[in-house]
Structure formats: C-alpha cells, structure tokens
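Topology and contacts: notes
One letter stands for each residue in the lines below.
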Amino acid sequence: MPIPPTMASEQDLLSTEIVNRGVESSGPNAGSLTFSVRVRRRLPDFLQSVNLKYVKLGYHHLINHAIYLATIPVLVLVFSAEVGSLSREELWKKLWDDARYDLATVLGFFGVFVFTLSVYLMSRPRSIYLVDFACFRPNDDLKVSKEQFIEVARKSGKFDEASLEFQKRILNSSGLGDETYIPKSVIMSTENTATMKEGRAEASMVMFGALDELFEKTRVRPKDVGVLVVNCSIFNPTPSLSAMIINHYKMRGNILSYNLGGMGCSAGIIAVDLARDMLQANPNNYAVVVSTESVGYNWYPGSDRSMLIPNCFFRLGCSAVLLSNRRRDYHRAKYRLEHIVRTHKGADDRSFRCVYQEEDEQRLKGLKISKDLIEIGGDALKTNITTLGPLVLPFSEQLLFFSTLVSRHLFSSEGTSELSLASRKRPYIPDFKLAFERFCVHAASKTVLDELQRNLELSEENMEASRMTLHRFGNTSSSSIWYELAYLEAKEKVKRGDRVWQLSFGSGFKCNSIVWRSMRRVRKSSRNPWLDCIEKYPVNL
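The rules behind these values
- Residues numbered from 1 in each chain as written.
- Predicted model: local features only at pLDDT ≥ 70, side-chain atom pairs only at ≥ 80, totals over all residues.
- Heavy atoms only, no water.
- Helix = DSSP H or I, 4+ residues; strand = E, 2+ residues; numbered from the N terminus.
- Buried < 20%, exposed > 50% of the residue type's maximum accessible area, 1.4 Å probe, protein only.
- Salt bridge = Lys/Arg side-chain N within 4 Å of Asp/Glu carboxyl O.
- Pairing = 2+ DSSP bridges.
- Axes fitted to C-alpha atoms, helices over the stretch in contact; angles between N-to-C directions.

Section: the environment of Trp482
Locating Trp482 in the fold gives a position in helix α19 (residues 480-490). Residue classification places Trp482 among the buried residues on the basis of a relative accessible area of 2%. Separated by 347 residues in sequence, Trp482 and Cys135 place their C-alpha atoms 7.0 Å apart.

As for the pattern of salt bridges
Per the counting criterion, the structure on display carries 40 salt bridges. In this structure, Asp178 and Lys146 form a salt bridge, with 3.4 Å as the shortest nitrogen-oxygen distance. One end of the pair, Asp178, is in the loop between α7 (161-172) and β5 (180-181); the other, Lys146, is in helix α6 (residues 146-155), and 32 residues separate them in sequence. Salt-bridge contacts for Glu213 lead to Lys217; the nearest nitrogen and oxygen are separated by 3.9 Å. Taken together, the residues Glu213 and Lys217, both in helix α9 (residues 196-218) and four residues apart, mark about one turn of the helix. Accessibility expressed as a relative area gives 18% for Lys217, which makes it buried. A single network of salt bridges, built from pairs that share partners, joins Asp132, Glu213, Glu216, Lys217, Lys334, Glu489 and Arg527.

So, the sheet that holds strand β10 (residues 335-344)
Sheet architecture is open: nine strands sit in the order β7-β6-β8-β9-β3-β10-β15-β14-β13, paired in mixed fashion. Unpaired on one side and paired on the other, β7 (256-260) and β13 (438-441) mark the two borders of the sheet. Geometrically, the sheet is characterised by an average inter-axis angle of 20° between neighbouring strands, direction not taken into account. Both β13 and strand β14 (residues 499-506) contribute to a ladder of four bridges, which runs parallel.

Have a look at this one:
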C-alpha cells in the first residue's frame, strides 16, 4: 500500500532509537533483558528544505558592492591602456607639463582626492576587537553527579517516583557528565529556591566571579568601561542586574548600561550585537558583555514532564567579554568581529510558544519545552545559516549553492514532471568547513548536537568543543559558547587567522550567529575554567 506524501514527509522528521532497559527485576519476564523503542522528532533535512528567500540578505550585501566590482576593473583597464602606451620618460614629462601649465586642475584633483578619502575613512565602520573574555568556574562543593542530582531531587520531597524516574532517564541520555554545578539553594534547601534573595545571591556569585577574572586578565579598570550589556533570561530583579554590577564595581556615572531579559539561550550574541552598535556610535571606548542564567530561580518543583526538562539540563555558568574599538588594542586583542546574523521566528505562533514560561495545573512556575523544539529549532537554524552563507563562504561554494537552488525553483514552477525531477535533485549544501576553522555550537543537549552534526555534515573534531562543554559544564544557556571557545583555547587549537563560528538558539524562537577572526595564535591562559581537567578531554561519550 503506497504511503501518502504528507505521511511520508511526517515520517522523515522522526528518528527511532532502541533503548536497553536492563534486566527485568519482577513480573513474568523477571531475569530477562528488556528493550524499548524511543521515537523522537529530529531536525528537518536541510538538503530538501532550503528556501531561496533566506539567502537574499547575504546576496543583497554582495549586490550592494557590485558597483565596485564592476567599475574598478574597468577603470584599471582604461588607465592601464592610457599609461601603457607611454614610456617612463614620456609619462613623467606629461605629468610635469600638466602640473606646470594647469596647476589649478592638479590642486583641485588633489583636494577632491583628500576629501573623498577623509569621508571614506570617517564613514567606515570601526573595527570591533575582542580583547579577552572570562568564564566563571564554580567551587567544587557545588558539583553534582547524575546520581547525586536525583538524590537531591528525592530528598527535597517535591517529586513523586514517576517524576524522579523521568528525570533520571533524561539525564542518562543528556550528554551531561558527573561534574556539572548547581546552586547551593537547590542542593541544600527543601524550601522554595525561586526567591529574590536566592536569585540575587546566585547572580552575584557568577557575575562578579567572571568580571573579577576579566578585569584581572585585561588590566582594565571598571571605571574605564563605557558600555555595559547584561543578559539573563529568567531572573530580572529591580534594580537590574546591570545596576548590581555598576554598584558593586562603582563604575562611572555616564556609563551606557543595558539589561536584556527573557531572550533565551541566544541572548549572548544579541548582547554582543548591541555592544557593537554602541561602540560604533562611541569611539575610543570599552564595552563589557555579561551573559548568564539563573538556575535556582528557574528550579521547577512540579510533575509536568515538559517543565522538568530544564531542571535536567541547565547548570551554573557565566561569561564576561571585553570589547574595544580603540586602535591601540589591535596588538593585544584576541579576535576581531567579522559578522553577526540574527534570525527571529517569533511571528509564528508555534515558534513563539516553543519555550514558554508559565504555571502548571498546581500553579507552580516553570519553563515549558515543546515537543516540537527540534523541528522549530531546525527551521530557524536553516534560515540563519542560509543567510550567513553568502557572507562567509568561498565564491565557488556560493556559486554552486545558488545555481542549484535557482534551478530547483525554476523547475518547480514549470509543471508536475519538472517538479518531480526537482524533488529528486538534491540542492547543493555548502561546506561550512571551508568558511570556518573552529566551531562553537550552543551545547543544548546531545540530541540537538547529533542532529546539527548530521545536517551540517560536521566532523567529530568540529563538534568536540560543544560536546565536551555539555559533558563538563552542562547547558549554561547564553554563556555556553564562551565555555566552548575557552575549551579551544585551553587545547591551543586557535591559530592566527582562524575564523570562529559561534552559533546559538533559544526562546522566541531565535537563532543567531557570530563570526570572529583570530588576531594571533592563542596560547593557554593561566585563568581558564578547563585548566585542571583539560588533559583528560576529549572523553569518549
């Protein structure tokens, strides 16, 4: 019996996995191995679902510069033809005669040249440098293994056995290791941890810890910082987190401070984008970007399984990044900002409610994760990378991708037979390994990383930083891409000229990319969250 096309396309979005449940302890099958089949949604196949409209931004950028590509070669050819017919003596004689008898023309030409050059230099966007960054490393007394996590949850008395068993299964397939960190309020308290007092205590610990290290590494005084951007999705007190930092470090009164809330795991790149815009408008300045998330304040004590998932994945973490537009920082900066591409799918209701904070039936607050997260995230990712591609890929890759994409759409508009032909012809998906040397993909979960690796055809080495960060630190939300970059630096894998791609996604639904170019070979720092354990990584997962 033939499968209807709609049903076939739905089946393509599903993946199956056989799970070993171990030896049955009781019942008629006692003493025998038991297995179950797990069916889950996966990312849409990028090879069959690339839309032409998503590449228009990148190609629009190229078209804007097409006038230079078209006119400069023509001018060079005309000038070469004119000058090439003259000998060196004739050329100097002609220039001298023109300057001698038509001095006004020469001075006018020189004035126009100087004016044009000045306008160009003044209007050109300033280079933004990443001087250095720091990632908070919690104390060892906050470490929890997967078994300890379940024991903490059981001792709290807030979960029934079904909820505990569900969290245990999620943890075992999460990709997290046994050395991640959770706040003391979660470990030691059987009371409500989602209080303003506990939230402020956790925020102070992680933010000030990261900033102390950043100021020590860069030798920049807090009063020298002109722009401060803080992002934390769940916990947003009054006064704000940015005000807490300004008060703690006694920063200057005219600092430009911003506090981003409710923007999910991709907010770190949004914060860098905002800091870049502020630095473009304020020359000779420093900007600090702080990215974190509150774990204890978001701890869910109920039994709704879609709200229990964040408990299993999110862990303590915070990053602090120092950006500069000062030319004198060129020689000491680690990276130069190349591109930022942001994608927002919030206009679609399903995407908007994909990650949603609300109360359950018992009026307990939590973060609800939709079962469509993988599919929605894949669609946002597809949009983002097809927009980014024309900005970063070699021309040969762009040409192959664009030509196959256009031919696919031309065939599909001509009729049924051509449509079937186009559906059989797989569009060319560019090789992003030709555009980037290092990859920092948001460490959300093992399932997400597996699907990203499969669709983007990345190697194990490309995914190493993401997988090891998930194993060692868990999902630290918007700061995870910085723990991944710290891993690459601790392994001394970043060479001069390397292009680093940081990719993150989160509620809204958003997917954002940022591209850095390494200014020098990055050596292992004396302050790095991986220093005490980097020798045993990568581990076999």
